[in-house]
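One-letter residues, chain by chain:
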Amino acid sequence: MTARVKIPKADAYKLYLLAMGFSAFATTLAYTVHLVYQVKQVGLNPLQLVLVGTTLELTALLTEIPTGVVADVYSRRLSVIVGFLLLGFGLILEGSLPVFEVLLVGQVVAGLGYTFLSGATSAWIVDEIGLERAGKAFLRGAQAEQIFAFCGIFVSVALASVSLQLAIVCGGILLVLLAAFLALFMPETGFQRRPVSDRETWRMFIATFRAGFALVRARRILLLITIAAIIHGAFSEGFDRLWITHTLQNFSLPPLGQLDEIVWFGIISAVSMPLTLAVTEVLRRRLDMSDNKRVATTLIAVYAAMILSVLLFVLGESFALVLLGLWLTGAARAVRNPLMEAWINQHTESKIRATVLSIQGQADALGQIAGGPVVGAVGLLSSVRVAISLSALLLLPIIPVFRLTQNAKSGPNGSPD
């Protein structure tokens, strides 16, 4: 009888950094040229561009909670693996055929993948290494993402110079390979599965969702963070889908010899990376993630910088100002993500952490669904410049929301207000 070979599991912290970095490399291959592909090869107008994104977010809205509960009831490890697998298949599908309807189907598959990842990855690493180390891990993970993404930009541009579709499909294939790697080496020692009798019924799914939703309603700070997620979503959908159209329509990209204009979008993405790495390193060393007031104050500064940089990008008359606005916006958004992730984890307990994080993801998706089509319609009926300006103004209410969180109190590990 052949003995079964047991593959040793990797160190959770190192694997987390590797997964964050490699997934960033793979997604950067696709997303550096993703919108250029949609604008130039598929030929989408501003409203169609936003509707493609809205399809993804509608998928997230409908499936965020069920997938988050899967991570809390069955396995965070399984949720992460399935998430990367579906995201990879979604990108492969999108890059295979430049047709609007195919893009929509690809967005559904990718959106489902995102919801399996949302909350599960951070909840998994918190369980494996503890809450105290997790805050630093989120910032280190963000830095790993920036370093790997920086490398991915150049590979993406090289592939896109041959074919825009090739870059997108290769990114999807790498994500599928990452899922296979994690299936072999990803540990799960800190998570306690629910009893089989509970996992075989919907009672525990519903109970976990209710517990997460009740926690958000009961704790003022989580409710305010949820409102902030909705506002951020309303902003991000329009900006993300239209910034390349604005750059192509309203500016002549300076010539780079024999190189294709796609190289400019690689340069734009690459230059923001060192700035983001520097800021996240300063935050990692100096910001106490358990200090609610300091985190809220930092987020207010980040969002104020984000609003001003988006307006600089869209209202600037020179290409230099456009570049500066884009780089500052990218840096502010990259810093915002680990701050929010660590902050939410501070206020939730392990058994419903992935569900609460999924509720935040659902709130973001709701904001994108509500704000995106409006911004896209403005871009179609008026101009892309006006549409992106509207996106920046949609962020203004987030400042007073975070000011309210400065005085919200919560005990260790999310004890009630």
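It should be noted that the structure appears before, not after, this text.
Regarding its fold elements, the protein presents 16 helices and zero strands. Within the protein, contacts between residues separated by at least 24 positions form 86% of all contacts whose residues are at least 6 apart in sequence. For the protein, the accessible surface area stands at approximately 17200 Å², while carbon and sulfur atoms represent 67% of it.

What follows covers the pattern of salt bridges. If you walk through the whole model with that rule in mind, you get three salt bridges. Salt-bridge contacts for Asp-127 lead to Arg-76; the nearest nitrogen and oxygen are separated by 2.1 Å. With Asp-127 in helix H5 (residues 120-129) and Arg-76 in helix H3 (residues 76-96), this pair connects stretches of sequence that are 51 residues apart. Given the relative accessible area of 16%, Asp-127 is considered buried. Salt-bridge contacts for Arg-241 lead to Glu-237; the nearest nitrogen and oxygen are separated by 3.5 Å. Here Arg-241 and its partner Glu-237 are both found in helix H10 (residues 220-250), four residues apart, which amounts to about one turn of the helix. Taking relative accessible area as the criterion, Glu-237 reaches 2% and is therefore assigned buried.

Given 3.6 residues to a turn, an α-helix orients residues that are three or four positions apart in the same direction. When the terminal C-alpha atoms of helix H4 (residues 100-117) are compared, their 26 Å separation across 18 residues agrees well with the 26 Å that a helix rising 1.5 Å per residue should span. For H4, the set of buried residues is Phe-100, Val-102, Leu-103, Gly-106, Gln-107, Ala-110, Gly-111, Gly-113, Thr-115, Phe-116 and Leu-117. Among the residues trailing H4, Gly-119 stands out with phi positive, at a value near 85°.

All right, on to the packing of helix H1 (residues 12-41) against helix H7 (residues 164-185) then. At a closest axis distance of 8 Å, the pairing of H1 and H7 adopts a crossing angle of 160°. As summarised for this structure, H1 and H7 are arranged roughly antiparallel, according to the angle between their axes. Of the two possible hands of crossing, H1 and H7 adopt the one that is left-handed. Looking at the contact of H1 with H7 residue by residue, the class counts come to 21 nonpolar, six polar and no charged.

What counts and how
Starting afresh in each chain, residues are numbered from 1 along the sequence in its written order. Since the coordinates come from a predicted model, pLDDT governs what is reported: local features require at least 70, and pairs of side-chain atoms require 80 or more to be given and counted, while whole-chain, interface and lining totals use all residues. Water and hydrogen atoms were dropped before computing side-chain values, which therefore reflect all heavy atoms in the structure. Working definition: helices are DSSP H or I runs of at least four residues, strands are E runs of at least two. Numbering for both runs from the N terminus. For this analysis, residues touch if any pair of their heavy atoms sits within 4.5 Å. Accessibility throughout is a Shrake-Rupley quantity obtained with a 1.4 Å probe, and a residue counts as covered only by protein chains that appear here. Note on definitions: salt bridges are taken to be side-chain nitrogens of Lys or Arg within 4 Å of carboxyl oxygens of Asp or Glu. Burial classification: accessible surface area is computed with a 1.4 Å probe over protein chains only, and a residue below 20% of its type maximum counts as buried, one above 50% as exposed, and the rest as partly exposed. Here the expected span of a helix is defined as 1.5 Å times the quantity of residues minus one. Each axis is a line fitted through C-alpha atoms, taken for helices only over the stretch in contact, and angles between the N-to-C directions span 0 to 180 degrees. For classification, angles of less than 35 degrees are called roughly parallel, those exceeding 145 degrees roughly antiparallel, those between 65 and 115 degrees roughly perpendicular, and all remaining angles oblique. The hand of a helix crossing depends on one turn: near helix anticlockwise from the far one by less than a right angle means left-handed, and clockwise means right-handed. Gly counts as polar in this scheme, as do all residues outside two lists: the nonpolar Ala, Val, Leu, Ile, Met, Phe, Trp, Tyr, Cys and Pro, and the charged Asp, Glu, Lys and Arg.

What is shown is where atoms sit, not what they do.
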